Amino acid sequence: MSASSLPYMKSNPKIIFFTDFDGTITLQDSNDFLVIAYPELDARILADWPRLRQIISVMDKENVAKGTSTDAFRDMLDSVKTPFNECIEQLKRNMKLDPYFVEFYNWAKENNVPIVVLSSGMTPIISALFEALLGHKPDEHLQIVANDVESRDGKDINTEGGWQIKYHDDSHFGHDKSLEIKPYAALPDNVRPTLLYAGDGVSDLSAASETDLLFAKKGRDLVTYCERQGTPFTVFESWSSILATTKDILSGKVTIKKVAQEGLETVHKEKN
Ligand SMILES: [Mg+2]
């Protein structure tokens, strides 16, 4: 695919920033919140909750091959019968986003860095949460690629039991985040921008391996996997450190290699 036909290449950026949403931009997982917050939970789902969460969050190759991840995620969300618009209002009232993300967002806009949010959550929820945080709809430089919502049994989504998740693609995660990055990673060296990724979960690893550097959330399993697989990474606690490092990469003050090396040294130092 040529660079000019790729949507995030239109402004000819030097960096494209791909990022996970839940637990990375938000401080907690919005899907977990929905399932845990509502009293109408199906008892079967509740009893099975630890196992379901395990299947969803851990990259279990056998489960992935059978498509179990996607089914468990659907089961989990199907247990929420609250009308979709009420779910959004609840989430807006309760979900906290990393306060430093706004600063990153504004800097990215001024410095021609497209932000691509890749999520296994649902686009209308993510848009609404961004709108609440930013005070307006996200500008063009922020794009959301996620699953959608659709009517269940022909009902209005804003009625009791009226909605269900509509998967973005047929991958076993419902949304294979690496698909969106691959065409950019395959661009020839003279036009290919630096590709960065921020995430907090093991499911972010395959997507991150298509990019040049992963910002991995401190204290999560992801860090251990990165070390094991040799994925270049650095640890972040908030978007304030992501912003500082991305600024330095854009200005050429540091190289990706140096950031990754320091990231590894910091993790080793903390272990000892
Ligand atoms: Mg996440």
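Everything quoted here is computed from the prediction, not taken from an experiment.

**Q** What's the story with the packing of helix α7 (residues 101-110) against helix α12 (residues 239-251) in this structure? I'm lost.
**A** For any two helices packed against each other, the geometry comes down to the angle between their axes and how far apart the axes lie. The geometry of α7 relative to α12 is characterised by a closest axis approach of 8 Å and an angle of 25 degrees between their N-to-C directions. Our classification of the angle between α7 and α12 gives roughly parallel. Note on packing geometry: the crossing formed by α7 with α12 is left-handed. Side by side, α7 and α12 meet where Phe 101, Glu 103, Phe 104 and Trp 107 of the first sit next to Trp 239, Ile 242 and Leu 243 of the second. Residues that form the contact of α7 with α12 fall into these classes: 6 nonpolar, no polar and 1 charged.

**Q** Help me understand the environment of Ala 216 in this model?
**A** Mapped onto the fold, Ala 216 is located in strand β6 (residues 213-217). Ala 216 sits 47 residues away from Gly 263 along the chain, and the two C-alpha atoms are 9.7 Å apart.

**Q** Whenever I open this one, the sheet that holds strand β4 (residues 163-166) confuses me. Can you help?
**A** Across a sheet, strands are paired by hydrogen bonds formed along the backbone, either parallel or antiparallel in direction. In spatial order, the strands read β4-β3-β2-β1-β5-β6-β7; together these 7 strands make up an open sheet with mixed pairing. A strand with exactly one partner marks an edge of an open sheet, and here the two such strands are β4 and β7 (233-236). The sheet shows a mean angle of 25 degrees between the axes of neighbouring strands, direction not considered. Examined bridge by bridge, strand β1 (residues 15-19) and strand β5 (residues 194-199) share 5 bridges and lie parallel to one another. Following the sheet pairing, Phe 17 is matched in β5 by Leu 196. Across the sheet, helix α11 (residues 221-229) lies against β5, β6 and β7, angled at about 145 degrees from β6, the strand it touches most. Contacting β1, β5, β6 and β7, α12 crosses the sheet at an angle of about 155 degrees to β1.

Conventions used here
Residues numbered from 1 in each chain as written. Predicted model: local features only at pLDDT ≥ 70, side-chain atom pairs only at ≥ 80, totals over all residues. Axes fitted to C-alpha atoms, helices over the stretch in contact; angles between N-to-C directions. Helix = DSSP H or I, 4+ residues; strand = E, 2+ residues; numbered from the N terminus. Parallel < 35°, antiparallel > 145°, perpendicular 65-115°, else oblique. Left-handed = near helix turned anticlockwise from the far one by under 90°. Contact = placed C-beta atoms within 7 Å. Nonpolar A, V, L, I, M, F, W, Y, C, P; charged D, E, K, R; others polar. Pairing = 2+ DSSP bridges.

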